[in-house]
Amino acid sequence: MKSHDIRKQFLQFFESKGHLIVPSAPIVLKDDPTLMFNNSGMAQFKEYFLGNAEPKSKRIADTQKCLRVSGKHNDLEDVGFDTYHHTMFEMLGNWSFGDYFKRDAINWAWELLTEVYKIPKENLYVSVFEGNPEENVPFDQEAWDIWKELIDEDRIILGNKKDNFWEMGDQGPCGPCSEIHVDLRSEEQKAKVSGKSLVNNDHPQVVEIWNNVFMEFNRKADGSLEKLPAQHVDTGMGFERLCMALQGKTSNYDTDVFTPLIEKVEQITGLKYTSNEVKNVTEEQNKINIAIRVIVDHIRAVAFAIADGQLPSNTGAGYVIRRILRRAIRYGFTFLNTKEPFIYELVAVLANQMGEFFPEIKKQQALVTNVIREEEASFLRTLDQGLQLLENVVSETKGNEVSGAKVFELYDTFGFPKDLTALILKEKGFTFNEADFETELQKQKARSRAASEVTTDDWKILIDGNVETFVGYDQTENEVKITRIRKVDSKKDGILYQIVLDSTPFYPEGGGQVGDKGTLVSANETIEIIDTKKENNLILHFAKQLPENLTAAFVAKVNTDLRTSTSKNHSATHLMHLALRTILGTHVEQKGSLVNANYLRFDFSHFSKVSDDEIKQVEGFVNQRIEEQLQLVEHRNIPIQQAMAQGAMALFGEKYGDTVRMIEFGNSKELCGGIHVKNTADIWHFKIISEGAVAAGIRRIEAITGDAVKDFYKNQENTLAELKETLKNPQDILKSVVSLQEDNAKLKKQIEQLLREKAKNLKGELASELQEINGIKFLAKQVDLNPEGAKDLAYELGNLGTNLFLVLATAEENKPMLTCYISKELVASYNLNAGQVVRELGKYIQGGGGGQPFFATAGGKNVEGIKEALEKAVDFIK
């Protein structure tokens, strides 16, 4: 059975059981501050489990893109080495929100596996929770009794808290679970060892394929459990493992989920992958197999993350995506001998495979391809740089063991992988101190954990059953009551309090717009709100202190100065988006934005630099819309199909409900939950202050509006006045500056000519100072020239013969520079290399450099080291 059909049958089966089929949420989470990525099927439904929102159906089924590469769920280092762990994977899930419970969940799971998919019952084992007396959670007798009706008792296994009690995190909804495991071994293997003994023991062919979680409890901050007001079912079936079972394979990578990608890698590299059926492969072939598994797994994670709006970067989720991609590149570089970008070529295969169920990969194919190709080229350059740095480390090492701290520095600063370093060192007869490396790595992890460590107390409920409302589109202040509070302690921000109100005018951070700030004012006190965010459908107001009287009546007041400036920038962002699509083309799509009171930042897809003329056109287009005084037309809670039919722009990677809010300014129509001006005239003026590249095919514009534009032009005016005064108040400033530039160019040419003449004069003087050592003409001397003059002088002296070894030092503006010239004949006959010479001598001036075997330079910071560097130069020819 093809993977395509396996996925379709799952969804059709649960649709027949009254489930609403919903699309996968984006793999990158933008509205959950507790998670970077969707790491399980239930992540998009957290607010329903917590009781903070009502689902559109009590029964839901889907296939969810998941990513596990950070935090509690981290499978990254296992990927490639075994046959069943992945970074990105699909989780087939069916959900009950206070509807059916254990009996239906278990019966339907069994029906689907044994009657629809026809997995032999004798290949299946199930587990139930054995109970935990310490937490007063009993043995799951109900699940045991249900399973007893379906399967022999000797195939039911008792599981401990680690294996059979599922938790969302350290706090929150949780409950016992019942797993289903499949034994894919041969009959001969089964006869020797019972599959029951291999369940949950990391056997590659006895694997869990389905987990039925019965949400009954809420884990509190102190670790205790309390019963949830309603019981829920949360199930997840690993799609890749299910395909392995149904296609009669013993490895996920042998299924048609991965084989098209593997075939493409084989075609590109000329190397062959051996399936899991082939035994006793050579060590060399095993390394190739691992590398190919890493690459075909990682391309899925990276491609879907980019398609959902997360570009590789040096921070946060972007750093995780970059790290995954670099792991794939490095495995190709080391074990498949790929020295040029190639992973980007797999995107077309992936889009063809998965485009029907996940249309975003098809629609974003060109962008994903370009970004991955550029990332590959960049990291391959980094690898080359790392090789050169590693050479320096080796040359400085006494003995044959390199410092682990040095290897960690290469890893941490330049992204140079540890195992690649080990491989290169081994070829040179070196090792490195792994214990030291691990010590440095753990220090870094501890620093990172400490910086992001957060402890969150339980909610203290002040008003039960409150449904919070947002009134911020119409009001900037209103009377409120506090419904719940909790304390949050982090290393980064210290102790803060999160306050939830019965209604609020405060806009929570979202859609690129920052959260509102303001105050809560009662008869006796004022509490400053420093930020507003949304988590699990609750609007959280952050404060450094709590009111003394939590039950008092308050007036929530938004800082209207910040709100007004922010709304100008947000509305201008919409107008600029339309301008870019009108002027540059409809290929332009928003790829990220930041809107605050000071400026707006907008990332968008475009294949080249936006020219100065195009920038002016965009500014003119937006300012024309401002002058037209377009009234805001706001559509609240309209069906998403209606909004799209009216031409609204929707963003990839965003999660939309069945009803949406659409914002119109003339021809600009976008789905948006943010705060906007009532009329474009309120923006006053729009000015672009920068444009540049973010990644391949992605550009970034920063712009300002309103008072910020006034300040910008005021600063320009002040600068012009200062320039005019500096130039002695000429009548024509531009003409005066051009004249200065012309004079400067003439003087520069004269200086260059004088330096060349000085170098020629020095040639005769220095020729008489050449010493003959071992048949080589040698000179090491500091000269009063700039680096370019030293280069000219070196080549002039090089014309004197075929056996010159020359090191010149300069110190222009207190910046030391070493220049080494070696006659090409000496390079060949004496195995000398100018690059190695300057790298070694560069240590004395606290610097380094390189170049060609016959000519190289090194810059540094320590002028005092020049003397010793020149003294040591002779050692190379003795």
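This one's a predicted model, so the numbers in the text were calculated from it and none came from an experiment.

Rules used in this analysis
- Residues numbered from 1 in each chain as written.
- Predicted model: local features only at pLDDT ≥ 70, side-chain atom pairs only at ≥ 80, totals over all residues.
- Heavy atoms only, no water.
- Helix = DSSP H or I, 4+ residues; strand = E, 2+ residues; numbered from the N terminus.
- Buried < 20%, exposed > 50% of the residue type's maximum accessible area, 1.4 Å probe, protein only.
- Contact = heavy atoms within 4.5 Å.
- Areas by Shrake-Rupley, 256 points an atom, 1.4 Å probe, with all protein chains shown as cover.
- Lys, Arg positive; Asp, Glu negative; His and termini not counted.
- Charge placed at Lys NZ, Arg CZ, Asp CG, Glu CD.
- Pairing = 2+ DSSP bridges.
- Expected span 1.5 Å × (residues − 1).
- Polar contact = N/O pair within 3.5 Å; in protein donor to acceptor, adjacent residues only side chain to side chain.
- Axes fitted to C-alpha atoms, helices over the stretch in contact; angles between N-to-C directions.
- Core = buried A, V, L, I, M, F, W, Y, C linked by side-chain atoms within 4.5 Å.
- Salt bridge = Lys/Arg side-chain N within 4 Å of Asp/Glu carboxyl O.
- Parallel < 35°, antiparallel > 145°, perpendicular 65-115°, else oblique.
- Left-handed = near helix turned anticlockwise from the far one by under 90°.
- Nonpolar A, V, L, I, M, F, W, Y, C, P; charged D, E, K, R; others polar.
- Phe/Tyr/Trp six-rings, centres within 6.5 Å; stacked < 30°, edge-to-face > 60°.

**As for the overall build of the chain**
So, step 1. Looking only at helices and strands, the chain features 25 helices and 38 strands.
So, step 2. Seen through its principal axes, the chain has C-alpha atoms that stretch 105 × 80 × 50 Å.
So, step 3. The proportion of buried residues among the 878 residues of the chain is 51%.
So, step 4. Across the chain, every contact between residues at least 6 apart in sequence was considered, and the portion connecting residues at least 24 apart equals 68%.
So, step 5. Approximately 41,100 Å² of the chain is accessible, and the part contributed by carbon and sulfur atoms is 46%.
So, step 6. Taking the average place of the 105 positive charges on the side chains of the chain and the average place of its 129 negative ones, the gap between the two points comes to 3 Å.

**Topic: the pairing of strand 26 (residues 590-595)**
So, step 1. Counting buried residues in strand 26 gives six out of six residues, a clear majority hidden from the surface.
So, step 2. Pairing analysis gives five bridges linking strand 26 to strand 27 (residues 600-605), with the strands arranged antiparallel. Residue Ser593 lies in a different strand from strand 27, and its bridge partner there is Phe602.
So, step 3. Taken together, strand 26 and the strand that follows it, strand 27, pair antiparallel across an intervening segment of four residues.

**Some remarks on helix 22 (residues 787-798)**
So, step 1. Between the first and last C-alpha of helix 22 there are 16 Å, a value that for twelve residues agrees with the 16 Å anticipated at 1.5 Å per step.
So, step 2. Taken together, the buried positions of helix 22 are occupied by Gly789, Ala790, Leu793, Ala794, Leu797 and Gly798.

**Focus on the environment of Ser194**
So, step 1. As for its placement among the helices and strands, Ser194 is situated in the loop between helix 6 (187-192) and strand 10 (206-219).
So, step 2. Remark: the alpha-carbon pair of Ser194 and Phe805, spanning 611 residues in sequence, is separated by 75 Å.
So, step 3. Setting aside chain neighbours within four positions, we find Ser194 in contact with Tyr125 and Arg185.
So, step 4. A distance of 3.1 Å separates the side chain of Ser194 from the backbone nitrogen of Lys196, its partner in a polar contact.

**Digging into the sheet that holds strand 37 (residues 848-851)**
So, step 1. One open sheet accounts for six strands, arranged 33-34-35-36-38-37; its pairing is mixed. Because the sheet does not close on itself, it has two edges, and the strands there are strand 33 (771-773) and strand 37. Sheet twist, expressed as the average angle between the axes of neighbouring strands with direction ignored, equals 20°.
So, step 2. Of the strand pairs in this sheet, strand 36 (residues 817-822) and strand 38 (residues 855-859) are connected by five bridges, and their pairing is antiparallel. Counterpart to Leu818 in the pairing with strand 38 is Ala858.

**Some details on the nonpolar core**
The nonpolar side chains of soluble globular proteins are, as a tendency, buried together.
So, step 1. Ranked by internal contacts, the top residues of the largest apolar core, which has 119 residues, are Tyr117, Ile343 and Ile372.
So, step 2. The element best represented in this core is helix 9 (residues 283-307), accounting for 15 residues.
So, step 3. Setting aside residues up to four positions removed in sequence, Ile343 forms contacts with Ile295, Ile299, Leu325, Ala328, Ile329, Ile372 and Glu376.
So, step 4. Counting residues in each nonpolar core, the second largest holds 41 residues, with Ala759, Val807, Tyr821 and Ile877 among its members.

**Description of the sheet that holds strand 25 (residues 554-558)**
So, step 1. Taken in spatial order, the four strands make up an open sheet running 17-25-21-22, and their pairing is antiparallel. Both edges of this open sheet fall to strand 17 (477-480) and strand 22 (526-529), since each of them pairs with a single strand only. Between one strand axis and the next, the sheet turns by 20° as a mean value, whatever way the strands run.
So, step 2. Pairing geometry for strand 21 (residues 518-521) and strand 25, over four bridges, is antiparallel. Bridge pairing links Gly518 to Val558 in strand 25.

**Section: the pattern of salt bridges**
So, step 1. According to the stated counting rule, one finds 43 salt bridges in the structure shown.
So, step 2. As a salt-bridge pair, Glu90 and Arg7 come within 2.7 Å of each other at their nearest N and O atoms. Here the residue Glu90 occupies a position in strand 5 (residues 88-97), and Arg7 occupies one in helix 1 (residues 3-16), the gap between them amounting to 83 residues.
So, step 3. Relative accessible area serves as the criterion here: at 1%, Glu90 is assigned to the buried category.
So, step 4. Residue class for Arg7 comes out buried when judged on its relative accessible area of 4%.

**Quick look at helix 8 (residues 259-269)**
So, step 1. Among the residues of helix 8, those classed as buried are Leu261, Ile262, Lys264, Val265, Glu266 and Thr269.
So, step 2. Buried-residue contacts for helix 8 involve helix 9 and helix 11 (346-354).
So, step 3. Looking at the residues trailing helix 8, positive phi occurs at Gly270, about 75°.

**A few points about the packing of helix 9 against helix 10 (residues 316-335)**
So, step 1. Put simply, helix 9 and helix 10 touch, their axes get as near as 9 Å, and they point 150° apart. As summarised for this structure, helix 9 and helix 10 are arranged roughly antiparallel, according to the angle between their axes. The element helix 9 and its partner helix 10 pack so that their crossing is left-handed. Contacts between helix 9 and helix 10 involve Lys287, Ile288, Ile290, Ala291, Val294, Ile295, His298, Ala301, Val302 and Ala305 from the former and Ile321, Ile324, Leu325, Arg327, Ala328, Tyr331, Gly332 and Phe335 from the latter.
So, step 2. Considered class by class, the residues forming the contact of helix 9 with helix 10 number 14 nonpolar, two polar and two charged.

**Section: the packing of aromatic side chains**
So, step 1. What the rule picks out here adds up to 29 aromatic pairs.
So, step 2. With a centroid separation of 5.0 Å and 85° between ring planes, the pair formed by Phe13 and Phe14 is classed as edge-to-face. This pair shows no difference in class: Phe13 is buried, exactly as Phe14 is.
So, step 3. Centroid distance Phe712 to Tyr713: 5.4 Å. Interplanar angle 75°. Geometry classified as edge-to-face.
So, step 4. Given the relative accessible area of 37%, Tyr713 is considered partly exposed.
So, step 5. Members of the aromatic cluster, joined through ring pairs, are Phe10, Phe13, Phe14 and Trp210.

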